[in-house]
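# Descriptive structure summary
Residue-level listing of the chains:
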Amino acid sequence: MNTELQAVDPFELTETQKMIRDTVRDFARETLAPRAQELDRKGDFPMQNFRDMAAMGLTGIPVPEAYGGAGADTLSFILAMEEIAKACGSTALTLAAHTSLGTMPIVQFGSEEQKRKYVPPNASGEVIGSYGLTEPQAGSDSGATRTAATRVSGGWRVQGTKMFMTNASVAGLFVITAVTNKDAPKHERISAFILERSFPGISIAKKEDKLGCRASDTCIVNFDDVFVPESNLLGQEGHGFSYFMQILDGGRIGIGAMALGLAEGGFERCVEYSKTRSAFGRPIGAHQAIAFKIADMAVQIQAARHLLYHAARLKDAGRPYKREASMAKLYASEMAMRVLREAIQVLGGYGYMTEYHIERMYRDAKLCEIGEGTSEIQRIVISRDLLGKL
Ligand SMILES: Cc1cc2nc3c(=O)[nH]c(=O)nc-3n(C[C@H](O)[C@H](O)[C@H](O)COP(=O)(O)OP(=O)(O)OC[C@H]3O[C@@H](n4cnc5c(N)ncnc54)[C@H](O)[C@@H]3O)c2cc1C
């Protein structure tokens, strides 16, 4: 029986995409998976994993070669994310935040000078990227940003606090939003800036302890009168909110892929267990209650994969993909919670134990329903796109 759903490949991946997927799959199985439990238990940032990914060229997959990246497409990045998440959710989240959020804003909206200066060190993994949109009173309503940038001679002074910045305590680069004109219409009030870790006034106020993705670094960051040179304004003044929303559209496909990988990781273990664990004289998979759970999991995983790869392909084709990215992220993240909950059930008491990994995956997957726009926000994005503003 073929339990590796992806092995039946209806997706017509290119040779490069297959090569990236297979290479990352081997790496994730051999290197990341054995480290995952310990990282989760200790809550340590997966620095060795990050360095290993950097050595393999995985820290700049969708970054153009001209700026030191692999120059691969979004789907390649999604395939890599999926394989990494199968082994370690924390490492997948670290890579997603570094690439989609910490690097791509500069690739997409930076000046040539900014791209040449800041993108290659991120792409090579020499520098870790971080993204600051969320604030204490501005999460889903990210337009309610209060962090302010005041114009001064030669640049700006930034004052404010960002919540839940992934990678922040280890990051060398922060891409953040700040209000530059409080009197402008809501979405034109905000600009985006590139901040180097060495700029005086940046401090980590708190490193969060959390339910899942425990080895991923999540911090509250204070920006206290930080001087940011004019050359570090990202793109045009007043366009920051729009840039960050566009970045989230792409990022959501990555978080969806993380959810898909986690669900698959649990599913693969669950199938194996169903064949080897016996109850009442037969393998538990021979009991229809368990067999049907496996069937339902497989259907949902495959449905999520179709949505995700489709969204990635739209993006790669330069076509609109906002709604499809939200659909894929919404479905994949909620699917992962359902599949992993059932996977724990299939393993019974053993599923509840850390030794079998699935409880970790279940905890890790919950982030996917929250980060880069909650499920409620995805439903708003999708329904607005369908209905318009009523
Ligand atoms: C582990 C982790 C890592 C993160 N990393 C980053 C990062 O790197 N950078 C960054 O900027 N942010 C990051 N975030 C923040 C994340 O994007 C926000 O937590 C998320 O957008 C929700 O914002 P909030 O937590 O303030 O919740 P709120 O916005 O306060 O929402 C609370 C609840 O109300 C619901 N809600 C809000 N508005 C509506 C509405 N209009 N209609 C219906 N329901 C609504 C929400 O869906 C949610 O259920 C991270 C979060 C976590 C947990």
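This is a predicted model, so every value here is computed, not measured.

### Things to note about the overall build of the protein chain
- For the protein chain, the count of helices and strands is 12 helices and 10 strands.
- For 390 residues, the compact-globule estimate of 2.2 N^0.38 gives 21 Å, and the protein chain sits close to it at 21 Å.
- Counting only C-alpha atoms and orienting by the principal axes, one finds that the protein chain spans roughly 80 × 45 × 40 Å.
- Per-residue burial for the protein chain yields a buried fraction of 57% across its 390 residues.
- Counting only contacts in the protein chain whose residues sit at least 6 apart along the sequence, the fraction spanning at least 24 positions is 74%.

### Quick look at the site of the ligand
- By nearness alone, 16 residues border the ligand, and Thr134, Ser140, Phe164, Thr374 and Glu376 come closest of all.
- Side-chain polar atom of Thr134 to a nitrogen atom of the ligand: 2.7 Å apart, as the coordinates give it.
- The contact in question runs from a nitrogen atom of the ligand to an N or O atom on the backbone of Phe164, over 2.8 Å.
- For the ligand, the protein covers 63% of the area, taking 970 Å² as the surface of the free molecule.
- Broken down by element, the residue count for the shell around the ligand peaks at 3 residues, all from strand S3 (residues 155-166).
- Taken together, the residues of the shell around the ligand break down into 7 nonpolar, 7 polar and 2 charged.
- Counting residues domain by domain, the shell around the ligand receives three or more from each of domain 2 (129-239) and domain 3 (242-387).

### Considerations on helix H7 (residues 240-276)
- Its 37 residues place the ends of H7 54 Å apart at the C-alpha level, agreeing with the 54 Å of an ideal helix rising 1.5 Å per residue.
- At Gly250, H7 shows its strongest bend, of approximately 30°.
- Burial analysis of H7 places 29 of its 37 residues in the buried class, which makes it a mostly covered element.

### A word on the packing of helix H8 (residues 288-316) against helix H9 (residues 322-347)
- One way to put it is that H8 packs onto H9 with a least axis distance of 9 Å and a crossing angle of 160°. Classified by the angle between their axes, H8 and H9 sit roughly antiparallel to one another. Crossing angle aside, the handedness with which H8 passes H9 is left-handed.

### Regarding a nonpolar patch on the surface
- A cluster of nonpolar side chains, contributed by Leu386, Leu387 and Leu390, occupies part of the molecular surface with about 400 Å² of accessible area.
- Note that Leu390 resides in the segment after helix H12 (375-387).
- Residue Leu390 is classed as exposed on the basis of its relative accessible area of 90%.

### Details of the environment of Arg214
- The residue Arg214 is located in the loop between strand S6 (202-207) and strand S7 (218-229) in this model.
- For the pair Arg214 and Gly240, spaced 26 residues apart in sequence, the C-alpha separation works out to 30 Å.
- Contacts of Arg214, omitting those with residues within four sequence positions, involve Asp40, Gly43, Ser90, Asp209, Arg363 and Asp364.
- At 2.9 Å, the side chain of Arg214 and the side chain of Asp209 are in polar contact.

### Considerations on the domain arrangement of the protein chain
- When its domains are assigned, the protein chain resolves into domain 1 (5-124), domain 2 (129-239) and domain 3 (242-387).
- Computed over C-alpha atoms, the centres of domain 1 and domain 2 are 24 Å apart.
- Between domain 1 and domain 2, the buried area comes to about 1900 Å², and carbon and sulfur atoms account for 61% of it.
- Area buried by domain 1 at its contact with domain 2 is led by Phe45, Gln114 and Tyr118, which between them contribute 28% of it.
- Salt-bridge contacts for Glu196 lead to Lys117; the nearest nitrogen and oxygen are separated by 3.4 Å.
- Those elements giving two or more residues to the side of domain 1 that touches domain 2 turn out to be helix H1 (15-42), helix H4 (89-101), helix H5 (104-109) and helix H6 (112-124).
- In terms of residues, the side of domain 1 that touches domain 2 owes the most to one element, H4, which gives 7 residues.
- In terms of residue class, the side of domain 1 that touches domain 2 is made up of 11 nonpolar, 9 polar and 3 charged.

### Some words on the pairing of strand S1 (residues 129-132)
- Along S1, one buried face is formed by Gly129 and Tyr131 and the opposite face, lined by Ser130 and Gly132, is buried too.
- In the sheet, S1 pairs with strand S4 (residues 173-179) via 4 bridges, with the strands oriented parallel. Paired with Tyr131 across the strands is Val175, a residue of S4.

### Some thoughts on the packing of aromatic side chains
- Scanning the entire structure with this criterion turns up 7 aromatic pairs.
- An angle of 85° between the planes, with centres 6.1 Å apart, marks the rings of Tyr273 and Tyr356 as edge-to-face. Highlighted residues: Tyr273 in helix H7 and Tyr356 in the loop between helix H10 (349-352) and helix H11 (358-366), separated in sequence by 83 residues.
- For Tyr356, a relative accessible area of 26% gives the class partly exposed.

### Considerations on the nonpolar core
- Judged by nonpolar contacts, the single largest core of 70 residues is most densely connected at Ile78, Met81, Ile253 and Met258.
- Those elements that place two or more of their residues in this core are H1, helix H2 (47-55), helix H3 (74-87), H4, H7, H8, H9 and H11.
- Each of domain 1 (5-124) and domain 3 (242-387) gives at least three residues to this core.
- If we skip the residues at most four places from it in the chain, Ile253 touches Ile78, Leu308, Ala311, Ala312, Lys315, Tyr321 and Ala325.

### Let's talk about the side chain of Arg189
- Locating Arg189 in the fold gives a position in the loop between S4 and strand S5 (190-196).
- Here Arg189 is buried and forms no salt bridge, its nearest opposite-charge partner Asp141 lying at an N-O distance of 7.8 Å.
- Other than its neighbours up to four places away in sequence, Arg189 contacts Gly143, Thr145, Ala178, Val179, Thr180, Asn181, Lys182 and Ala184.

What counts and how
Residues numbered from 1 in each chain as written. Predicted model: local features only at pLDDT ≥ 70, side-chain atom pairs only at ≥ 80, totals over all residues. Heavy atoms only, no water. Helix = DSSP H or I, 4+ residues; strand = E, 2+ residues; numbered from the N terminus. Rg over C-alpha atoms; globule rule 2.2 N^0.38 Å. Buried < 20%, exposed > 50% of the residue type's maximum accessible area, 1.4 Å probe, protein only. Contact = heavy atoms within 4.5 Å. Near = heavy atom within 4 Å. Polar contact = N/O pair within 3.5 Å; in protein donor to acceptor, adjacent residues only side chain to side chain. Areas by Shrake-Rupley, 256 points an atom, 1.4 Å probe, with all protein chains shown as cover. Nonpolar A, V, L, I, M, F, W, Y, C, P; charged D, E, K, R; others polar. Domains from an automatic or database assignment. Expected span 1.5 Å × (residues − 1). Bend = angle between axes of the 7 residues up to and from the residue. Axes fitted to C-alpha atoms, helices over the stretch in contact; angles between N-to-C directions. Parallel < 35°, antiparallel > 145°, perpendicular 65-115°, else oblique. Left-handed = near helix turned anticlockwise from the far one by under 90°. Patch = residues over 30% accessible without salt bridge, like charges linked within 9 Å, V, L, I, M, F, W, Y side chains within 5 Å. Salt bridge = Lys/Arg side-chain N within 4 Å of Asp/Glu carboxyl O. Buried area = accessible area lost by both parts, 1.4 Å probe. Pairing = 2+ DSSP bridges. Phe/Tyr/Trp six-rings, centres within 6.5 Å; stacked < 30°, edge-to-face > 60°. Core = buried A, V, L, I, M, F, W, Y, C linked by side-chain atoms within 4.5 Å. Lys, Arg positive; Asp, Glu negative; His and termini not counted.

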